Structures are given as C-alpha cells and as structure tokens.
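# Structural overview for review
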Amino acid sequence: MTLTDARSIKKSGGEVNWLPTMGWFFDQVGDAVREHGGTVNKYLNDGVVATFPMDKAAEAINSAILIQERISEAHRDNTYRCNCAIGIATGRVVEFTNGIYTDYIGGSVDTSERLSDGANAGAIFVDESTRNASNMMNVFSHYGNAVSREGGQYLAQVEELPTGWDAERIRYYEILWAAQSFGVRTSTVTEISVQNNSPAPSAEKRRSSQTPWQQGVLSRWNDDRDFGFVRDGDGESYYLHRDSTCVGTLPIRTGDTVFFVAEPSHQDGRSARATCALASGAELTVRVDKVFPAFGFSRVSDGKGVVQDLFLDLGYGAQDRYHIGQHVRIRLSHNAKGPVGVVLADEIDALSA
C-alpha cells in the first residue's frame, strides 16, 4: 500500500509536524493487517508491504477496507490528514532471510506494487488471482452493509492497467467499499477489459473535470430578499442567491449543510459566491447522464446555468437497471468527497418500468 501524499505531508514543516501523521498511519495499517490474519512485512518511506496466507485473500481485502475506512473517519473528524492507495495480488512468492529479517520477492509482489502505484487515493485494486481466491461473501465494508451490498457487488468491472515499455498488462478489479469508486491516478490511463470490446472512459472522463464541490453551513438566509451566506469549515463566507441553488432543491433553511461550487466575487470587497448549491437531505428528480457498474452521474444546474456533476449511488448492476436519459428520484447524502444522490427505493420501480 502506498501513502499517496507522503511528500506533501513531509513538506508541512519539521518532523514534529509530520511524524505523528506518519506514525498514526503505520499504526492503523499494522492493526488492520494483524486483525485479519496478515503480517506486516516491512515499512517503507511511503508505504507498507504486508503478506497473508493464500487462503485469506478475502481477509486481505477486508484489511484494506478497514484501513481506508479509518482514514476516511480521520478526515471526517479532522484528526489526521493522509491518503493511501492499496494493491493486492495473489500468487507464490520467494521467501528469503538474512537470519534476522524475512522478505519476499516475485511477480505477485511486483503486481501489487504496480496496482497501488496506479490506484488513486482511497482506491483498492485487486488482481484476477485475488478475485478468484476470495470468497467475496466474506468481504465487508460499513457503507456496503448500509446499502445491502454483498459478494460480487463489491467488485467494479474488470479493467486493465496500461502497458509500459517494460511491463505486462494487469487486469484488475476495484473494490467498491464506499459510495463512489476512486479509479486510477490522473496520470494513469485505464482500459476496460477487451472482453466486452468497449473502450473504457479515460481517467479524466471518469472524474468531473469541473471545480470540486465545497461544503459549508447556511449561516444566514433572508427569505424576503432571496439571499443568504454559506460559511465553510475555514470560516470563509460565500454569498448565495436563490437563483444559485440547484433546480428542484428548495426550500433551503438556516443551519442546512450545503454543497456548492465557489466562484470569485464579482466586485472588489464583496464575498465570494456560492453557485450550484445543494442542501443535504434535499429530495429531487434528476436525469441519469452517465452509468457505470455500480454508480452514475447526473449533471445538475442552478437557475443561472452553472452545471456540475453529481455522483449517484445506483448500486451493483447499475448498467442493467438504469439507462442514460432515465429520471430518478434521489435524496442528497454525502461522503468525504462531496454530495451523493441516493436513489429512493419507492421510486425505482415506478421510474424504471
């Protein structure tokens, strides 16, 4: 597993600033690995190598999920800020020791390294051998449990890491442990397996290239004058007009958690502006504009025409149950990356018939 932001963490200042975060990360990895029957093989400058018995492939996946969940919880609680990517490969390795330390080398070790290097922060990639060796019914995540995800529903569509000049192609699955997939790093292009003869969306297409969502609280709202202010976690205030709320999301009330796209002030000395604003808990009908194996996107817009991609949690088998252009009723929830549209169960049959 690779600590994806190790360099930026160390640039935060002297050792007193970054050592606690690194130590916390290594502690979480060690605890999660041991809890699921694995062994930490070695600590690296920016990651960890761990091994599991061949019959504990599912436990290796659960260990990876637990690590990502603890990092996500730390982000939410604003305690520790770090991110990691995890690659898991299964196969025979060569063990050697110098009488004191034991290490492992072999193709599987190289494959797991390539998977973690290619994965985006938050992602868990497993190779086909790990998929085949795992009892997926034993795989568990807290989010997956909340939405009744089980077995193969934790697997995204099989994909391939690109071929380097000296590297073979690696077919892999992303583990869908959270509300969204995390995909490959921006510098990596992924290709859908040639099994279905369809090209994969590039890394850029699979993520919104627009301004990221920001989160704040509606600190003040004037119903008579149709405007108010949103204050983010850093205390910065953003002007919000009713026309800058997403269509279909009103009413909005003081104290609501709001997701928005920030725009600079139109005049010197004025507050920056919040556009395309969505209140957590709002219910609205949206159009499905992109569909992937377990999720999708809708392009939502405000009254002034500002457009932003909204992540939709459609569940496993989404490509069989939803189609582009279909309208669904959702409730706004959220995760560490921003707002999430959760399809309301009582609307699925009516809208899909």
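Structure's up top.
The following paragraphs examine the structure supplied in this document.

Rules used in this analysis
By convention here, each chain's residues receive numbers from 1 onward along its written sequence. Per-residue local features of the predicted model are confined to residues with pLDDT of at least 70, and side-chain atom pairs are confined, for both listing and counting, to 80 or more; whole-chain, interface and lining totals are unaffected and use all residues. Only hydrogens and water are removed before side-chain values are computed, so all heavy atoms of the structure are retained for them. What goes into a patch is any residue over 30% in relative accessible area without a salt bridge, connected to like charges within 9 Å or, for nonpolar side chains (Val, Leu, Ile, Met, Phe, Trp, Tyr), within 5 Å. Here the open area of atoms and residues is found with the Shrake-Rupley method and a 1.4 Å probe, where only the protein chains shown may cover a residue. Whenever a carboxyl oxygen of Asp or Glu lies within 4 Å of a side-chain nitrogen of Lys or Arg, that contact is scored as a salt bridge. Positive: Lys, Arg. Negative: Asp, Glu. His and the chain ends are not part of the count. A charged residue contributes its charge at one atom only: NZ of Lys, CZ of Arg, CG of Asp or CD of Glu. In this description a helix means any DSSP run of H or I spanning at least four residues, a strand means any run of E spanning at least two, and both kinds are numbered starting from the N terminus. Accessibility here uses a 1.4 Å probe with only protein chains present; expressed as a share of the type maximum, an area under 20% marks a residue as buried, one over 50% as exposed, and anything in between as partly exposed. Note on pairing: two strands pair once DSSP finds at least 2 bridges between them.

## Here's the deal with a negative patch on the surface
Judged by side-chain charge, Asp46, Asp110, Glu113 and Asp117 come together as a negatively charged surface patch. With respect to the helices and strands, the residue Asp46 is situated in the loop between strand 2 (39-43) and strand 3 (48-51). Using a relative accessible area of 34% as the deciding quantity, one classes Asp46 as partly exposed.

## So, the pattern of salt bridges
When charged atoms on two side chains of opposite charge get close, those side chains can pair. Under the defined criterion, the tally for this structure stands at 11 salt bridges. Of the charged contacts, one joins Glu160 and Arg171 as a salt bridge, the two residues approaching to 3.9 Å between their closest N and O atoms. Of the two residues, Glu160 is situated in strand 8 (residues 159-161) and Arg171 in strand 9 (residues 170-174); the sequence distance between them amounts to 11 residues. Residue class for Arg171 comes out partly exposed when judged on its relative accessible area of 23%. Two residues, Asp289 and Arg287, come together in a salt bridge whose shortest N-O distance is 2.1 Å. According to the relative accessible area criterion, Asp289 is buried, its value standing at 17%. Three or more residues joined by partner-sharing salt bridges are found here, namely Glu128, Glu160 and Arg171.

## Points about the pairing of strand 7 (residues 124-127)
Residues Ile124 and Val126 of strand 7 are buried on one face, and the alternating residues Phe125 and Asp127, pointing to the opposite face, are buried as well. The pairing of strand 4 (residues 84-88) with strand 7 spans 3 bridges and is classified as parallel. Across the sheet, residue Gly87 finds its bridge partner in strand 7, namely Phe125. The sheet contact formed by strand 7 and strand 9 spans 3 bridges and is antiparallel. Paired with Asp127 across the bridge in strand 9 is Tyr172.

## A look at the pairing of strand 14 (residues 257-263)
Taken together, the 4 bridges between strand 11 (residues 214-222) and strand 14 define a ladder with antiparallel strand orientation. Its bridge partner being in strand 14, Gln215 is matched across the sheet by Phe259. In this sheet, strand 15 (residues 272-279) lies alongside strand 14 in antiparallel orientation, the contact comprising 5 bridges. Among the inter-strand pairings, Val261 is bridged to a residue of strand 15, identified as Thr275.

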